[in-house]
Amino acid sequence: MKIFGIWPEERKYNRASSYVVLIPLTMMLLFLGIPQTIDLYFIWGDIDLIAENLSLGNMTVLLAISKTIIFWFSGRFRFVGRTLILRSYFPYDIQPTPIYELTVFAQTVAAYCTSGIYTTVDTFVVTLIFHVCGQYENLKQRLRNLPSQRGNDFKAELSQIVKKHDSLNRFADTIEEQFNDMLLLQMLGCTIQLCVTCFLVILSKGITDAVYECPWYDLSPNEARSLMIIMLRARIPLHITAGKFCPFSHNLFSNILKTSMSYLSVLYATNS
């Protein structure tokens, strides 16, 4: 992270090292982000190429640029002491040099492998699904144009359509067979993350009950009234938000399910 200039340390605007981040940021913008975005204009209408552009590069680059900017601005927080990239326990003292540097390097490589595998596998699945969707759309268009064929041409075209349809069905079955276990684990993992986040909200709400359940009646009036400060603050539950847009909660989970079904209904009505 120090190589890319986004290590969370105190920024000094009169120090050149604070602007190292401009090098990778400029490279990502000039050679990946902007060219791929412009390419969308030229491939617009080809769903396969659009899916490849967005899933294999454009969205990933956009997220990387966003994380770079956000993490750089978070550098106003000063880290004290030698801390690891991810809080971990090792059966040895990590503070001495070069043990600390080697441990951080190993964690960096491990994190890079983890993020790479996590991202590429998801991107690969999305690409396959978009590819099948595009092929089905092409097949539908061929079926609409089928009556324009006559005689042997009609039979030949119909035969090709049937073979293509069977091939796509087998390809979709292959995707399901290969990735159903992985998608199950991913769904469970996301559900657990959401549940843990909601658990934070529930615990924060319990502070008010804890204050009420304490023997406040044994306190003096002034001491008892001072507990009201905690109760008033605890009425505002703690929560983790998605970009300050919405808090992770049970309501959000319900809204996601309802919104997903609404979008599914719209897509079904549009394509029916």
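Source: prediction; values computed, not measured. (Residues numbered from 1 in each chain as written. Predicted model: local features only at pLDDT ≥ 70, side-chain atom pairs only at ≥ 80, totals over all residues. Heavy atoms only, no water.)

Focus: the packing of aromatic side chains
Link 1 in the chain: On inspection of all chains with the given rule, the structure shows three aromatic pairs.
Link 2 in the chain: Between Tyr 41 and Phe 42, the ring centres sit 5.3 Å apart and the planes meet at 85°, which makes this aromatic pair edge-to-face.
Link 3 in the chain: With a relative accessible area of 67%, Tyr 41 lands in the exposed category.
Link 4 in the chain: Centre to centre, the rings of Phe 124 and Phe 179 are 6.2 Å apart; their planes meet at 65°, and the pair counts as edge-to-face. Note that Phe 124 is positioned in helix 3 (residues 99-144) and Phe 179 in helix 4 (residues 152-213), a separation of 55 residues in sequence.
Link 5 in the chain: Residue Phe 124 is classed as partly exposed on the basis of its relative accessible area of 45%.
Link 6 in the chain: The exposure class of Phe 179 is buried, given its relative accessible area of 14%. (Phe/Tyr/Trp six-rings, centres within 6.5 Å; stacked < 30°, edge-to-face > 60°. Buried < 20%, exposed > 50% of the residue type's maximum accessible area, 1.4 Å probe, protein only. Helix = DSSP H or I, 4+ residues; strand = E, 2+ residues; numbered from the N terminus.)

Brief notes about the environment of Thr 60
Link 1 in the chain: By secondary structure assignment, the location of Thr 60 is in helix 2 (residues 47-73).
Link 2 in the chain: Taking C-alpha positions, Thr 60 is 8.3 Å from Thr 119, a pair spaced 59 residues apart along the chain.

Looking at the UniProt feature "transmembrane region" (unreviewed entry) in the protein chain
Link 1 in the chain: According to UniProt, the positions carrying the feature "transmembrane region" (unreviewed entry) are residues 21-44, 56-74 and 183-203.
Link 2 in the chain: Each end of residues 21-44 is marked by a C-alpha atom, and these two atoms are 33 Å apart; helix forms 92% of the span and strand 0%.
Link 3 in the chain: With 100% helix and 0% strand, residues 183-203 has its two end C-alpha atoms placed 30 Å apart. (UniProt positions renumbered as here; feature names shortened; annotations may be inferred.)

Quick word on the nonpolar core
Grouped burial of nonpolar side chains is what soluble globular proteins tend to show.
Link 1 in the chain: Judged by nonpolar contacts, Val 125, Leu 128, Val 132, Ile 175 and Phe 179 together constitute the single largest core of five residues.
Link 2 in the chain: In terms of residue count, helix 3 provides more of this core than any other element does, three residues in total.
Link 3 in the chain: Look past the residues within four positions of Leu 128 in its chain and what remains in contact with it is Phe 171, Ile 175 and Phe 179. (Core = buried A, V, L, I, M, F, W, Y, C linked by side-chain atoms within 4.5 Å. Contact = heavy atoms within 4.5 Å.)

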